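If you want the building blocks of each chain, they are given just below.
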Amino acid sequence: MKVDAIVVGMGLAGLAMVDHLQKRGKSVMVFDSRQKGASHRAAGVYNPTILKRYTMAWEGPALLKYAVSFYRKLELELEQKFLHPLSIARIFSSVAEQNMWTTAADKKQFSYFLNPSLHHTVPPSIKAPFGFGLVHHVGRLNIPKLLESYQEKLISSNSWRQEPFQYNRLVHNKQQLLYDGITAQHLIFCEGVSAWNNPFFKDLPLRGSHGDIIRIYAEGLDSSRIWKSGLFIVPQGENLFWVGASFNNHCKQNIPTDKGQEWLVQQLERVINVPYEIQSSEACIRPTIGDRRPLLGTHPEYNRIHLLNGLGSRGVLTAPQMAAYLCRAIYDELPLPEAVNLERFSSLC
Ligand SMILES: Cc1cc2nc3c(=O)[nH]c(=O)nc-3n(C[C@H](O)[C@H](O)[C@H](O)COP(=O)(O)OP(=O)(O)OC[C@H]3O[C@@H](n4cnc5c(N)ncnc54)[C@H](O)[C@@H]3O)c2cc1C
């Protein structure tokens, strides 16, 4: 079998990569071990503002515009709804925080997102004695539904193999790549933190940031907004909510930690006023890079082997544009933006 490209890993990065390849008329074979990666645990919140420091995420508004249009096209194509626009209510814990909000909302770069009003009419299910501010033009992407639906499309076109890609079975030379009876022109690794095991990019500066989450059932808890204090409370429908996440740069395993779980419960109980039941405790590792930028490009020695990684804690926003950059670099020989090019780190491989 011959394909234009093999893609390893189909979380948000792999999905965006495959879709860009297919839109260019390229044939693909996707390998995914279906070990639940970060994309399966994420809340799917898309928000270009950083509500802790009141700064804008790198290239935030431009990435948002590109990403929303990308997911909307997928909705039309797959005839399903994945995007759920929903305001984020930032809960204030002091007068100082209210003042910070007012100052930020006054800045030109935030005016499209931050509503300057301070809201004091709080739903009875929420504790917010200092009120809250609203972030508009943000929301949630239903990532598991999108991945499942895209996987079905790949299965029906015989482009999907649910198995781990084994690096030692790859034969590569200047002309082509050969793996398990498949010849390909290009190979793109989109493995999230599993890239720690990838011998082609063995010294990647992938740090990884562990995040604990809980999923709760809470009748009567307000679901008209995403609530944000120290954590996010994200409505999932039918009284179910995603609650998270902690940040821990030391834990390197996809398992819940006592410390992270306790912190979540403590933070949750500071914010909600209704009884709740924990449905599941989960954890995963964000593929983070020290300089907080994605990591993409071509292997310095093997020009048919590429990487798309480092989506950090904003995979929904960044994946579509980064995949577009990598596709253009491979097929149109356009340079990658320096800020995301893996060449910015020396001795990667
Ligand atoms: C707790 C938590 C909450 C988050 N919340 C948000 C949020 O609200 N909004 C947001 O934008 N981002 C969020 N993120 C970040 C987001 O999840 C990541 O940026 C994004 O999912 C990374 O996608 P990825 O495709 O690079 O990696 P992954 O999603 O980890 O996908 C990698 C895939 O590759 C497969 N794979 C790996 N190695 C191999 C191999 N050798 N062979 C075959 N398959 C392989 C894995 O099975 C997996 O399916 C969150 C992350 C965490 C941990």
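What you see is a predicted model; the values in this text were computed from it and never measured. (Residues numbered from 1 in each chain as written. Predicted model: local features only at pLDDT ≥ 70, side-chain atom pairs only at ≥ 80, totals over all residues.)

Participant: Is there a simple way to explain the overall build of the chain in this structure?
Facilitator: On a plain count of helices and strands, the chain comes out with seven helices and 20 strands. For 349 residues, the compact-globule formula gives about 20 Å, and the C-alpha radius of gyration of the chain, at 21 Å, lands near that figure. The dimensions of the chain, computed from C-alpha atoms along their principal axes, are 65 × 40 × 40 Å. A burial count over the chain gives 43% of its 349 residues as buried. Partitioning the contacts of the chain with sequence separation of at least 6, the portion at a separation of at least 24 is 71%. (Helix = DSSP H or I, 4+ residues; strand = E, 2+ residues; numbered from the N terminus. Rg over C-alpha atoms; globule rule 2.2 N^0.38 Å. Buried ≥ 20, exposed ≤ 12 C-beta atoms within 10 Å, placed from the backbone. Contact = placed C-beta atoms within 7 Å.)

Participant: Explain the environment of Ala 323 here, please?
Facilitator: Mapped onto the elements, Ala 323 comes out in helix α7 (residues 315-331). Remark: the alpha-carbon pair of Ala 323 and Cys 190, spanning 133 residues in sequence, is separated by 10.0 Å. With residues up to four places along the chain from it excluded, the contact list for Ala 323 reads Ala 13, Ala 16, Met 17, His 20 and Leu 308.

Participant: What is the right way to look at the domain arrangement of the chain in this model?
Facilitator: Reports often express the size of an interface as the amount of accessible area lost when the parts come together. Once the domains are mapped, the chain shows domain 1 (2-42 + 144-204 + 290-344) and domain 2 (87-137 + 209-286). For domain 1 and domain 2, the distance between their C-alpha centroids amounts to 32 Å. The partner domain 2 presents five residues to the six residues of domain 1 that form the contact. Split by residue class, the side of domain 1 that touches domain 2 holds two nonpolar, three polar and one charged. (Domains from an automatic or database assignment. Nonpolar A, V, L, I, M, F, W, Y, C, P; charged D, E, K, R; others polar.)

Participant: Sorry if this is basic, but what is going on with the packing of helix α3 (residues 60-78) against α7 here?
Facilitator: Helix packing for two helices is described by the angle between their axes and how far apart those axes are. Where α3 contacts α7, the two axes come as close as 8 Å, and the packing angle between them is 80°. Considering the angle they form, α3 stands roughly perpendicular to α7. Where α3 approaches α7, its residues Leu 63, Leu 64, Tyr 66, Ala 67 and Phe 70 are matched on the opposing element by Val 316, Leu 317, Thr 318, Pro 320 and Gln 321. (Axes fitted to C-alpha atoms, helices over the stretch in contact; angles between N-to-C directions. Parallel < 35°, antiparallel > 145°, perpendicular 65-115°, else oblique.)

Participant: I would appreciate a short explanation of the sheet that holds strand β16 (residues 232-237) in the present structure.
Facilitator: Strand pairing within a sheet occurs via backbone hydrogen bonds; the two strands may be parallel or antiparallel. With mixed pairing, seven strands are arranged side by side in an open sheet as β8-β7-β15-β16-β17-β14-β18. Edge positions in the open sheet fall to β8 (132-135) and β18 (277-286), since each of these has one partner strand only. Geometrically, the sheet is characterised by an average inter-axis angle of 25° between neighbouring strands, direction not taken into account. Pairing analysis gives five bridges linking strand β14 (residues 209-217) to strand β17 (residues 240-244), with the strands arranged antiparallel. For Ile 216, the partnering residue across the bridge sits in β17 and is Phe 241. Seen against the sheet, helix α6 (residues 258-271) touches β7 (88-91), β14, β15 (226-228), β16, β17 and β18 and runs at an angle of roughly 50° to β14. (Pairing = 2+ DSSP bridges.)

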